[in-house]
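Listed here are the chains, written in short residue letters.
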Amino acid sequence: AQKVTQAQTEISVVEKEDVTLDCVYETRDTTYYLFWYKQPPSGELVFLIRRNSFDEQNEISGRYSWNFQKSTSSFNFTITASQVVDSAVYFCALSGYTGANSKLTFGKGITLSVRP
Amino acid sequence: DAGITQSPRYKITETGRQVTLMCHQTWSHSYMFWYRQDLGHGLRLIYYSAAADITDKGEVPDGYVVSRSKTENFPLTLESATRSQTSVYFCASQLGTEAFFGQGTRLTVV
């Protein structure tokens, strides 16, 4: 069975601080995908990143960066110089590679509040 | 408009009533999914469908029924709504491992 653990439930920071959201996963699959989604107060789910299990390179996109470490089964997400617009719930998710295994298993989410 | 549409966006219903949440995609993605979102639980899979007339249970299927007579539609029915089914429901279609989510339906059972 697949499992995603987001141990942090709520994080509050002041604008311009850096913040890291942790994600630990469990899977027996040798090939899998990891995801991060953002859910702003408006409620929709916004896709942020997808990373396959073969690619352990860190990725940076503007103020966002992701650190994938297979050795510790972690896929952490860092926001640099946070802004009020980053306030949202962030979900980490895991899926298998194909077919029915491609269904998403989500963590419980982390509520990030960025104060001005 | 291309995409995935859920209706209604908001629904209040009474305990014991039957209610159907609709999901429509304008693509022809084979896989479609229903998730429910609850505080403290994240999103959990209710049912999914691999193609028309092929459906399977997810993590929390009890109390729900799905059908998929056409590829583009995947309705979710609560046969006899209970207060524990108060939740936000998300439908998704999927191409490979890329999921496309609807806007969500906020259902309140009173």
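Residues numbered from 1 in each chain as written. Chains lettered and ligands numbered in written order. Predicted model: local features only at pLDDT ≥ 70, side-chain atom pairs only at ≥ 80, totals over all residues. Heavy atoms only, no water.

S.K.: Where do I start with the state of the cysteines in this structure?
M.R.: Linking two cysteines covalently via their sulfur atoms produces the bond known as a disulfide. Counted according to the given criterion, the structure contains two disulfides over all chains. Here Cys 23 of chain A connects covalently by a disulfide to Cys 92 of chain A, the sulfurs 2.0 Å from one another. What sets the handedness of the Cys 23 of chain A and Cys 92 of chain A disulfide is the S-S torsion sign, and at about -65 degrees it is left-handed. Remark: Cys 92 of chain A occurs in strand β10 (residues 88-95) and Cys 23 of chain A occurs in the loop between β3 (19-21) and β4 (24-26); sequence separation between them is 69 residues. Residue Cys 92 of chain A is classed as buried on the basis of its relative accessible area of 0%. Between the sulfur atoms of Cys 23 of chain B and its disulfide mate Cys 91 of chain B the distance is 1.8 Å. Handedness of the Cys 23 of chain B-Cys 91 of chain B disulfide follows from its S-S torsion of about -75 degrees: it is left-handed. (Disulfide = S-S within 2.5 Å. Helix = DSSP H or I, 4+ residues; strand = E, 2+ residues; numbered from the N terminus. Buried < 20%, exposed > 50% of the residue type's maximum accessible area, 1.4 Å probe, protein only.)

S.K.: What should I look at first to understand the sheet that holds strand β3 (residues 19-25) of chain B in this one?
M.R.: Pairing between the strands of a sheet comes from backbone hydrogen bonds, and it takes one of two forms, parallel or antiparallel. Residue and element names in this part refer to chain B. In space, the four strands of this open sheet follow the order β1-β3-β8-β7, with antiparallel pairing throughout. Each edge of the open sheet carries a strand with a single partner, namely β1 (4-7) and β7 (64-66). Here the strands of the sheet are splayed against their neighbours by 15 degrees on average, with no regard to which way each runs. Summarising the sheet, β3 and strand β8 (residues 76-78) pair through three bridges and their orientation is antiparallel. Paired with Val 19 across the two strands is Leu 78, which belongs to β8. (Pairing = 2+ DSSP bridges. Axes fitted to C-alpha atoms, helices over the stretch in contact; angles between N-to-C directions.)

S.K.: When you look at unusual backbone geometry in this model, what are you seeing that I'm missing?
M.R.: Cis geometry is found at the peptide bond from Ser 7 of chain B to Pro 8 of chain B, where omega equals -10 degrees. Note that Pro 8 of chain B resides in the loop between β1 and β2 (10-13). Positive phi, normally seen in glycine, also occurs at Ser 73 of chain A, with a value near 50 degrees. In this structure, Ser 73 of chain A sits in the loop between β8 (64-69) and β9 (74-79). On the basis of relative accessible area, Ser 73 of chain A is assigned to the partly exposed category, the value being 24%. Here Asp 53 of chain B, not a glycine, exhibits a phi torsion of approximately 70 degrees, which is positive. Relative to the assigned elements, Asp 53 of chain B resides in the loop between β5 (42-51) and β6 (54-57).

S.K.: I keep staring at the interface of chain B and chain A and nothing clicks. Help me out?
M.R.: Interface size is commonly expressed as the accessible surface area that is lost when the partners come together. Contact residues are listed per partner, giving 17 residues for chain B and 19 residues for chain A. Carbon and sulfur atoms supply 59% of the area buried between chain B and chain A, which totals about 1500 Å² over both sides. Among the residues chain B hides against chain A, the three largest losses belong to Leu 43, Thr 97 and Phe 101 of chain B. Together they make up 35% of the total. If you look at where chain B meets chain A, you find zero salt bridges. Inspection of the region where chain B meets chain A yields four residue pairs in polar contact (both at pLDDT 80 or more). Among the elements of the structure, β4 (31-38), β5, β9 (87-95) and β10 (98-101) of chain B are those that each provide at least two residues to the side of chain B that touches chain A. Residue composition of the side of chain B that touches chain A, by class: nine nonpolar, seven polar and one charged. (Contact = heavy atoms within 4.5 Å. Buried area = accessible area lost by both parts, 1.4 Å probe. Salt bridge = Lys/Arg side-chain N within 4 Å of Asp/Glu carboxyl O. Polar contact = N/O pair within 3.5 Å; in protein donor to acceptor, adjacent residues only side chain to side chain. Nonpolar A, V, L, I, M, F, W, Y, C, P; charged D, E, K, R; others polar.)

S.K.: I keep staring at the pairing of β9 of chain A and nothing clicks. Help me out?
M.R.: Sheet faces and side chains relate simply in a regular strand, where the side chains alternate between the two faces. Residue and element names in this part refer to chain A. Taken across its six residues, β9 has five buried, putting it largely inside the fold. In the sheet, β3 pairs with β9 via three bridges, with the strands oriented antiparallel. The residue bridging Val 19 from the neighbouring strand is Ile 79, located in β9. Bridge analysis of β8 against β9 gives six bridges, and the strand direction is antiparallel. The residue of β9 that forms the bridge with Gln 69 is Ser 74. Between β8 and the antiparallel strand that follows it, β9, lie four residues; Ser 73 among them carries a positive phi value of about 50 degrees.

S.K.: Can you walk me through the side chain of Gln 25 of chain B in this structure?
M.R.: Residues and elements named next belong to chain B. By the element assignment, Gln 25 lies in strand β3. You can call Gln 25 buried: its relative accessible area is 1%. Within the structure, the side chain of Gln 25 is placed 2.8 Å from the backbone oxygen of His 29, a separation counted as a polar contact. Setting aside residues up to four positions removed in sequence, Gln 25 forms contacts with Gly 3, Ile 4, Met 32, Arg 68, Thr 71, Glu 72 and Ser 93.

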